[in-house]
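For reference, the chains in residue letters:
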Amino acid sequence: MEDGTFESLGYCADTGVDDDVLQWDQRADCEVRQILDRIADKWSLLVIALLDKHSLRFTELRRAIDGVSQRMLARTLRHLERDGLVSRTVHPTVPPRVDYALTPMGATLHATIRALVVWTEEHQNAIAAARAAYDRRAAAEREAAEREAAERAAIARAALPSRGSPALSGQVVS
C-alpha cells in the first residue's frame, strides 16, 4: 500500500497528494459524494428550506411543495431523518400527529442553502440571459447544419446520373 493511502475504500478525504475535488467526486462509494447527492436533490432542499422557521406536518409539507408525490416526500423525510438533519415527532393522538423539524445540524445546513438561494436570486437574470444566448446559438448551429446537409444532398443528387441514362442501364452509347 502506498504511503498516505487509507485502507478504507469509502474514505475520500485528502490523502496528502492534492486537494482536487475530483478525488471524491468520481467515486460512487465516497461518503462526501453520497451526502452531497442526498442534500442537494431538489426535494431535500425544499424540505430543509420549509422547516427553517418551524416544524410542519407531512400534509403541510406536501401542500407547500408543488409537484412532490406522497411517496417521494416520505422517502426524502426518511433520508433526512436518517442523516440527522430532520427530527420526527409522533404525538399520541387519534389519528396520530407527526411533526417534522430541523435538527440543530439541519439548521446549520439551512444557512448554507440560504446562501445558495441568495446567489441564485442575484444571478437569475444573468443566467436567463446566458440561457437565451445559448439557445439562439444552438438554433443557429442547427439551422446551419440542416442547410449544409440539404446542400450536400442536392450536390449528390446532381452528381449522380439519372436512372434512365444509358450509363446506369449498361447500354453502350455510340
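Residues numbered from 1 in each chain as written. Predicted model: local features only at pLDDT ≥ 70, side-chain atom pairs only at ≥ 80, totals over all residues. Heavy atoms only, no water.

Peer 1: Teacher, can you tell me more about the overall build of the chain here?
Peer 2: Scanning the chain for helices and strands turns up seven helices and three strands. For the chain, the N- to C-terminal ordering of α and β elements is α-α-α-β-α-α-β-β-α-α. The 174 residues of the chain split such that 17% are buried. Considering only contacts within the chain whose residues lie at least 6 apart along the sequence, 33% involve residues at least 24 apart. When the accessible surface of the chain is summed, it comes to about 13,200 Å², and 56% of that surface belongs to carbon and sulfur atoms. (Helix = DSSP H or I, 4+ residues; strand = E, 2+ residues; numbered from the N terminus. Buried < 20%, exposed > 50% of the residue type's maximum accessible area, 1.4 Å probe, protein only. Contact = heavy atoms within 4.5 Å. Areas by Shrake-Rupley, 256 points an atom, 1.4 Å probe, with all protein chains shown as cover.)

Peer 1: I keep staring at the pairing of strand E3 (residues 97–102) and nothing clicks. Help me out?
Peer 2: A regular strand places its side chains so that they alternate between the two faces of the sheet. Sheet topology places strand E1 (residues 56–57) next to E3; two bridges connect them, and they run antiparallel. When the sheet's bridge partners are listed, arginine 57 is paired in E3 with aspartate 99. By the bridge criterion, six bridges tie strand E2 (residues 86–91) to E3 in an arrangement that is antiparallel. When the bridges of E3 are listed, histidine 91 appears paired with arginine 97. Connecting the antiparallel pair E2 and E3 is a turn made up of five residues. (Pairing = 2+ DSSP bridges.)

Peer 1: It is not clear to me how the pattern of salt bridges should be interpreted in this structure. Could you clarify?
Peer 2: Pairing between side chains becomes possible if they bear opposite charge and their charged atoms approach one another. Counting across every chain of the model gives five salt bridges. A single salt-bridge network, built from bridges that share partners, covers Asp52, Lys53 and Arg114. (Salt bridge = Lys/Arg side-chain N within 4 Å of Asp/Glu carboxyl O.)

Peer 1: I tried to follow the nonpolar core on my own but got confused; where do I start?
Peer 2: Counting 20 residues, the largest nonpolar core has Val47, Leu51, Leu61, Leu73, Leu77, Val86 and Tyr100 as its most contacted members. Of all elements in the fold, only helix H3 (42–50), helix H4 (58–64), helix H5 (70–82), E3 and helix H6 (104–159) reach the threshold of two or more residues within this core. (Core = buried A, V, L, I, M, F, W, Y, C linked by side-chain atoms within 4.5 Å.)

Peer 1: Any chance you could explain H3 here in plain terms?
Peer 2: The periodicity of an α-helix, 3.6 residues per turn, causes residues three or four positions apart to be oriented the same way. Three or more residues of H3 are buried, namely Trp43, Ser44, Val47 and Ile48. Buried residues of H3, viewed axially, fall in a sector of 130°; they line one side. The secondary structure elements touched by the buried residues of H3 are helix H2 (31–39), H5, E3 and H6. Between the side-chain oxygen of the N-cap and the backbone nitrogen of tryptophan 43 there are 2.9 Å, and the N-cap of H3 in question is aspartate 41. (Arc of directions from axis to C-beta. Polar contact = N/O pair within 3.5 Å; in protein donor to acceptor, adjacent residues only side chain to side chain.)

Peer 1: Please clarify how the environment of valine 90 should be interpreted in this entry.
Peer 2: As for its position among the elements, valine 90 is in strand E2. For the pair valine 90 and tyrosine 100, spaced ten residues apart in the sequence, the C-alpha separation amounts to 9.0 Å. Other than its neighbours up to four places away in sequence, valine 90 contacts Arg97 and Val98.

Peer 1: Teacher, can you tell me more about the packing of H3 against H5 here?
Peer 2: In a packed pair of helices, the relevant descriptors are the angle between the two axes and the axis-to-axis distance. The geometry of H3 relative to H5 is characterised by a closest axis approach of 10 Å and an angle of 70° between their N-to-C directions. By the angle between their directions, the pair H3 and H5 is classed as roughly perpendicular. Contact with H3, carried on its side by Trp43, Ser44, Val47 and Ile48, involves Met72, Leu73, Thr76, Leu77 and Leu80 of H5 and no other residues of that element. (Axes fitted to C-alpha atoms, helices over the stretch in contact; angles between N-to-C directions. Parallel < 35°, antiparallel > 145°, perpendicular 65-115°, else oblique.)

Peer 1: What am I meant to see in the packing of H3 against H6 here?
Peer 2: In contact at an axis separation of 9 Å, H3 and H6 are set at 110° when each is read in the N-to-C sense. By the angle class used here, H3 and H6 are roughly perpendicular. Where H3 abuts H6, its residues Leu45, Ile48 and Ala49 lie against Gly106, Leu109, His110 and Ile113. Looking at the contact of H3 with H6 residue by residue, the classes come out as five nonpolar, two polar and no charged. (Nonpolar A, V, L, I, M, F, W, Y, C, P; charged D, E, K, R; others polar.)

None of the figures reported here should be taken as evidence of function without further support.
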